[in-house]
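Summary of the model geometry
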Amino acid sequence: MIGDKVTVHYTGKLLTGKKFDSSRDRKESFCFNVGKGQVLKAWDIGVLSMQRGEVCTLLCKPEYSYGSAGNPDKIPPNSSVLFEIELLRFEGEMLTDDGGIIRRIKVKGDGYTNPNDGALVDVHLEGRCAGQLFDVRDVSFTVSEAEDKGVPLGVDRAMDKMQRGECCLLYLKPKYAFGSEGKAEFKIGPNKDVVYEVTLKDFQRAKESWEMDVHEKLALAAEVKHKGNQYFKAGRYHQAVIQYQRIIFWLEMECGNGMEQLKRIQEFILKAHLNLALCFLRIKEFSQVVENCNKVIELDECNEKALYRRGEARLFRNEFSLALADFQLVLQVNSSNRAARAQISICQSKMKEYHEQDKKTYTNMFQKFAERDAKVGKTKRRRDESVRSSMNGEVGIKRRRKSQDCPL
């Protein structure tokens, strides 16, 4: 399908039979996304019709290959060429780094624009789980707020890659579908993969960040913060993350007009980073917790919540000394923080426990070394004794032989 990542072996020849290129000669297969204009037009058309393991020969006219210019030193102008292509494998296009959303395009869309963050989209959805159809509907929603219409996160995240009129299949892992809770309404159990066929019928793009003034951004930030808080309270932490990240994207480069506006901007950014840290704690992405807390501490080095949440993340990562230092800083800011005192006790207990384990490990290790050395020493002594005994026997024989050889 269009957009699939395909892996091929190929050999290119002129009609005279002269070879001008071959992946087999290089002993290295070739990968590209089919139908995306990354290769010759003939390849995009021909490979789309192939099956895994198929070997075909494409006779390519100049307008589908190297055109009137040809390829200097290899292909004369206006030359038809032959390609033997073997399709080794293909896979859908990964839309996320973790492979949680895979797209395969059934019908290519029109134009060169895509829905952006905040765009209003009209889509047709067909959802399947284990081959069973569970969701068929036409629905309109705002990109980054699809949860409000019961549309999975994975569909929402794919919108900015789609074009008007496009129809694609989205293969969603549980994180981007209905998670560990499942969806009782659709009779889908926990941690299920689902497939959505999505047709983008139409969309209206939202204003880009650079098209908005500071007043618009601050007004939107307040709305989005409220929505993020609602998602958080409902346990929709991934959706909440998207909202808080929108605030930072809009405001992090803004200086405002005057100190009062600057203060409001910094307050929104600080709270967004704090809320992100809390969300990432819930979904156990502890490096992101530390990163967002560090951003807060850059703005306010004595921020009690940031220090505490960073300490929690470091404790979960078994960075006990760093966590201990964070909780101690919390007490410097607020000496009556009981939770921080409790965490300090946990850190000290964990550190003591790990020291004991290390002590046992090293004791056992040294004991094994000593036993091995003793065994090696004993073996060496036996070998030395054997050698000495052998040597003494040889000396005795030599002496006897010498006495026999002497004249009487």
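This write-up is about the structure you can find in this document. Residue numbering note: each chain is counted from 1, following its sequence as written. Local features in this predicted model are restricted to residues whose pLDDT is 70 or higher, and side-chain atom pairs enter the listing and the counts only when it is 80 or higher, whereas totals over whole chains, interfaces and linings include all residues. By convention in this description, side-chain values take in all heavy atoms of the structure and omit both hydrogens and water.

1. Remarks on the overall build of the protein
Here a helix means four or more residues in a row that DSSP labels H or I, a strand means two or more in a row labelled E, and each is numbered from the N terminus. When helices and strands are tallied, the protein shows 10 helices and 11 strands. Since a compact globule built from 408 residues should have a radius of gyration of about 22 Å, the 35 Å found for the protein marks it as more spread out than a globular shape. Projected onto the principal axes, the alpha-carbon positions of the protein cover approximately 125 × 85 × 50 Å. Summary of the burial criterion: residues with accessible area below 20% of their type's maximum are buried, those above 50% are exposed, and those between are partly exposed, where the area comes from a 1.4 Å probe applied to protein chains only. Across the 408 residues of the protein, 41% fall into the buried class. Residue contacts are counted whenever heavy atoms from the two residues lie within 4.5 Å of one another. Considering only contacts within the protein whose residues lie at least 6 apart along the sequence, 61% involve residues at least 24 apart. To be clear on the numbers: accessible area is Shrake-Rupley with a 1.4 Å probe, and residue cover counts the displayed protein chains and nothing else. About 24,300 Å² of surface is accessible on the protein, with carbon and sulfur atoms providing 50% of the total. Under the counting rule used here, the positive set is Lys and Arg, the negative set is Asp and Glu, and His together with the chain ends is not counted. By convention, the charge on Lys lies at NZ, on Arg at CZ, on Asp at CG and on Glu at CD. Across the protein, the mean location of the 68 positive side-chain charges is 10 Å away from that of the 58 negative side-chain charges. Atoms counted for the radius of gyration: C-alpha only. Globule rule: 2.2 Å times residue count to the power 0.38.

2. So, helix α2 (residues 41-48)
Note that an α-helix has 3.6 residues per turn; residues three or four places apart therefore point the same way. Of the positions making up α2, those classed as buried are Ala42, Trp43, Asp44, Gly46 and Val47. Close packing links the buried residues of α2 with β1 (5-14), β3 (30-33), β4 (55-60) and β5 (81-91).

3. Remarks on the nonpolar core
Remark: nonpolar core denotes a set of buried residues (Ala, Val, Leu, Ile, Met, Phe, Trp, Tyr, Cys) joined through side-chain atoms within 4.5 Å. Counting 47 residues, the largest nonpolar core has Tyr244, Ile247, Leu251, Val289 and Phe327 as its most contacted members. Sorting the residues of this core by element identifies α4 (214-233), α5 (237-251), α6 (259-282), α7 (286-299), α8 (304-316), α9 (320-333) and α10 (338-405) as the ones contributing at least two each. With 12 residues, α6 is the largest single contributor of residues to this core. Setting aside chain neighbours within four positions, we find Val289 in contact with Ala277, Phe280, Leu281, Arg309 and Ala313. Residues Leu95, Ala119, Met159 and Val198 belong to the second largest nonpolar core, which totals 34 residues.

4. Details of the side chain of Glu166
On the secondary structure map, Glu166 appears in the loop between α3 (153-158) and β10 (167-172). Beyond its immediate sequence surroundings of up to four residues, Glu166 is in contact with Arg103, Ile105, Val107, Lys108, Gly109, Lys161, Val198, Thr199 and Leu200.

5. Observations regarding the pairing of strand β8 (residues 120-129)
Examined bridge by bridge, β8 and strand β9 (residues 132-142) share 10 bridges and lie antiparallel to one another. The residue of β9 that forms the bridge with Val123 is Val139. Two successive antiparallel strands, β8 and β9, enclose a turn made up of two residues, where Ala130 displays a positive phi of approximately 55°. Relative to strand β11 (residues 194-204), β8 is paired through nine bridges, and the arrangement is antiparallel. Along β11, the bridge assignment pairs Asp122 with Asp202. For two strands to count as paired, DSSP must find a minimum of two bridges between them.

6. Digging into the side chain of Arg246
Counting through the fold element by element, Arg246 comes out in helix α5. A residue is classified by how much of its surface remains accessible, and Arg246, at 8% relative accessible area, is buried. One polar contact links Arg246 to Asp117, side chain to side chain, over a distance of 3.0 Å. Under this definition, polar contacts are N or O atom pairs within 3.5 Å; protein pairs additionally need one hydrogen-donor-capable and one acceptor-capable atom, and for neighbouring residues in sequence, both atoms have to be side-chain atoms. Among the polar contacts made by the side chain of Arg246, one reaches the side chain of Glu145 at a distance of 3.3 Å. Contacts of Arg246, omitting those with residues within four sequence positions, involve Asp117, Gly118, Ser144, Glu145 and Val224.

7. So, the pattern of salt bridges
Salt bridges, as used here, are contacts in which a Lys or Arg side-chain nitrogen is within 4 Å of a carboxyl oxygen on Asp or Glu. Per the counting criterion, the structure on display carries 27 salt bridges. One salt bridge in this structure joins Arg137 and Asp135, with 3.0 Å as the shortest N-O distance. Asp135 sits in the buried class, given a relative accessible area of 4%. Measuring nitrogen to oxygen at the nearest pair gives 2.6 Å for the salt bridge that ties Glu254 to Lys217. Taken as a pair, Glu254 in the loop between α5 and α6 and Lys217 in helix α4 lie far apart in primary sequence, 37 residues in all. On the basis of relative accessibility, which here comes to 21%, the residue Glu254 falls in the partly exposed class. Relative accessible area serves as the criterion here: at 5%, Lys217 is assigned to the buried category.

Interpretation note: all reported values are geometric properties and have no functional meaning in isolation.
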